[in-house]
Amino acid sequence: MEPWKRTMWILWFGVLFCSSSYTMSVPFLPLFLFDLGVPESSVNLWAGIVHSSAFLVGAVMAPLWGLLADKYGKRKMVIRAGLSLAIIYALIAFVQTPWQLVGVRMLHGFVGGFVPASMSIVASVAPKEKLGWSLGMMQAGTMTGGILGPLFGGLLAEAFGLRRSFVVAGFIILAATIAVVVWVKEGKAEPAEAAAAGKKRVQPVTYRMAFRNRALMSMLALLAIFQLSVNMIQPLLTLHIAKLQGGLQGAVLSAGFVLSLIGIAGILASPVWGRLGERRGYYRILVVCLLCAGLVVSTQFFVQSLWLFAIVQFIFGLFMAGIAPIVNTLVVQSTDEQFRGRSFGLTTSANQFGAMLGPLIGGLLGLAVGIHWIFVATGMIMVAAGISVWLKRRYELGQASAVNRG
């Protein structure tokens, strides 16, 4: 096996374990709030606060971790994040009040960065012609963890309670970190062209220069909007599933099953979208994914049964799976190699910023209009984003054609 592929597969299992530990615990926090004494009348708002608290801190810290990754090594940032997250996941099991839960979630956001640092390593070692496929595979690894986490977390919660599932999540992320310590050696699997480029003296790339990069800024804005729309639903999803099935009993297991279907869709679709992007053009595939994902999720407005809800979520996951890896690929293509860690830090910050606003907006909308209208709002935001990407790309191609004719 080629060295870059070996590194990718090791990190693939790393992000799988990291995502498993996350989805074992975080999607079930709204139900955990009941154990902390939050009344049903305000659980939607508290769920939004709990989800958003980590993303608020993470959005601020991500560029700093990206800078440190470029300066001291991306592998070190993966290990730092993994060890810290293992402790923090376990701490959730011991909180006694909603505010303590918010505090631990803020610590979660402060130390995060395992997945983006892993993505950054893969983007640095993969050949250019395999970039879309390799990042698609990494996204599939994240989705695979998304499958295992809710199922395993749901079974543990049913058998032993939610608190023990948080402790197990800590051990899983610890295992992922140990795998990186033992097997990942950063810098030994770089492509020949990257190694040759490294011998040349280049001008350091700064954040100020990056902020003048229009292609990068537009992709960061798109990521923030995408995460905002998706995370509007997340705080209320488990409670909505409980209503569809007629009660809270067994809701954790049902939610785990539905969330796992989205993960299965991601595993199937992410590498396919990456390869289609390499062949047909990344912007074209990105527009298709945004438009179709938005239209599909909007149909949840009419869904009143759990089995149909699960089917629609699976189809939604098929199209949603292509958005993040394609955007990450476009970000890599529009930034310099020496800025790679910081570019993934900025994408993480954009993701976190959107994921911070989404639960708050979703929680407030849940109180005002109900979750069915949130599905519509999510869909319309994605459709609008797809149309804007298509119009922008059409304008850029028109400008380039005019220059060539001139």
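Conventions we followed
- Residues numbered from 1 in each chain as written.
- Predicted model: local features only at pLDDT ≥ 70, side-chain atom pairs only at ≥ 80, totals over all residues.
- Heavy atoms only, no water.
- Helix = DSSP H or I, 4+ residues; strand = E, 2+ residues; numbered from the N terminus.
- Contact = heavy atoms within 4.5 Å.
- Areas by Shrake-Rupley, 256 points an atom, 1.4 Å probe, with all protein chains shown as cover.
- Patch = residues over 30% accessible without salt bridge, like charges linked within 9 Å, V, L, I, M, F, W, Y side chains within 5 Å.
- Salt bridge = Lys/Arg side-chain N within 4 Å of Asp/Glu carboxyl O.
- Phe/Tyr/Trp six-rings, centres within 6.5 Å; stacked < 30°, edge-to-face > 60°.
- Buried < 20%, exposed > 50% of the residue type's maximum accessible area, 1.4 Å probe, protein only.
- Polar contact = N/O pair within 3.5 Å; in protein donor to acceptor, adjacent residues only side chain to side chain.
- Axes fitted to C-alpha atoms, helices over the stretch in contact; angles between N-to-C directions.
- Parallel < 35°, antiparallel > 145°, perpendicular 65-115°, else oblique.
- Left-handed = near helix turned anticlockwise from the far one by under 90°.
- Nonpolar A, V, L, I, M, F, W, Y, C, P; charged D, E, K, R; others polar.
- Expected span 1.5 Å × (residues − 1).

### Concerning the overall build of the protein chain
Across its full length, the protein chain holds 18 helices and zero strands. For the protein chain, the C-alpha atoms occupy an extent of roughly 65 × 50 × 40 Å along the three principal directions. Long-range contacts, defined as pairs at least 24 residues apart, comprise 86% of the intrachain contacts of the protein chain with a sequence gap of at least 6. For the protein chain, the exposed surface amounts to about 17,500 Å²; the carbon and sulfur share of it is 67%.

### Focus: a nonpolar patch on the surface
Taken together, the side chains of Ile 87, Leu 91, Phe 94 and Leu 107 define a hydrophobic patch exposed on the protein surface, amounting to about 410 Å² of accessible area. For Phe 94, the location among the structural elements is in the loop between helix H4 (74–92) and helix H5 (98–111).

### A few points about the packing of aromatic side chains
Scanning the model with the defined rule gives ten aromatic pairs in all. Here Trp 4 and Trp 133 contribute two aromatic rings whose centre-to-centre distance is 6.4 Å and whose plane-to-plane angle is 90 degrees, an arrangement assigned as edge-to-face. Here Trp 133 lies in helix H7 (residues 131–160) and Trp 4 lies in helix H1 (residues 3–25), a separation of 129 residues in the sequence. The two residues Trp 4 and Trp 133 agree in class, both being buried. Each ring, one from Trp 273 and one from Phe 319, has its centre 6.1 Å from the other, and the planes form 35 degrees; the classification is tilted.

### Focus: the side chain of Thr 335
For Thr 335, the position within the fold is in the loop between helix H16 (323–333) and helix H17 (340–368). Exposure remark for Thr 335: the relative accessible area of 13% places this residue in the buried category. Not counting chain neighbours up to four residues away, the residues in contact with Thr 335 comprise Leu 216, Arg 340 and Ser 343.

### A word on the pattern of salt bridges
The final tally for this structure, using the stated rule, is three salt bridges. Asp 70 is paired through a salt bridge with Arg 342; the nearest N and O atoms lie 2.7 Å apart. With a gap of 272 residues between them, Asp 70 in helix H3 (residues 43–72) and Arg 342 in helix H17 connect regions that are remote in the sequence. A relative accessible area of 10% means that Arg 342 is categorised as buried. One connected set of salt bridges, linked through shared partners, spans Lys 392, Arg 393 and Glu 396.

### Looking at the side chain of Thr 347
Within the fold, Thr 347 resides in helix H17. Its relative accessible area of 3% is what places Thr 347 among the buried residues. Within the structure, Thr 347 has its side chain in polar contact with the backbone oxygen of Phe 344 (distance 2.8 Å). In contact with Thr 347, other than residues within four places in its own chain, are Leu 220, Leu 223, Asn 328 and Val 331.

### Thoughts on the packing of H16 against H17
Taken N-terminus to C-terminus, the directions of H16 and H17 make an angle of 140 degrees; their axes are 10 Å apart at the nearest point. Comparing the axis directions of H16 and H17 gives the class oblique. Handedness of the H16/H17 crossing: right-handed. Between H16 and H17, the contacting residues are Asn 328, Val 331 and Val 332 on the first element and Arg 340, Ser 343, Phe 344 and Thr 347 on the second. Classifying every residue of the contact of H16 with H17 by side-chain character gives three nonpolar, three polar and one charged.

### What to know about helix H18 (residues 371–405)
Given 3.6 residues to a turn, an α-helix orients residues that are three or four positions apart in the same direction. For H18, with 35 residues, the first-to-last C-alpha span of 51 Å sits near the 51 Å given by 1.5 Å per residue. Along H18, the residues classified as buried are Ile 371, Ile 374, Phe 375, Val 376, Thr 378, Gly 379, Met 382, Val 383, Ala 385, Gly 386 and Val 389.

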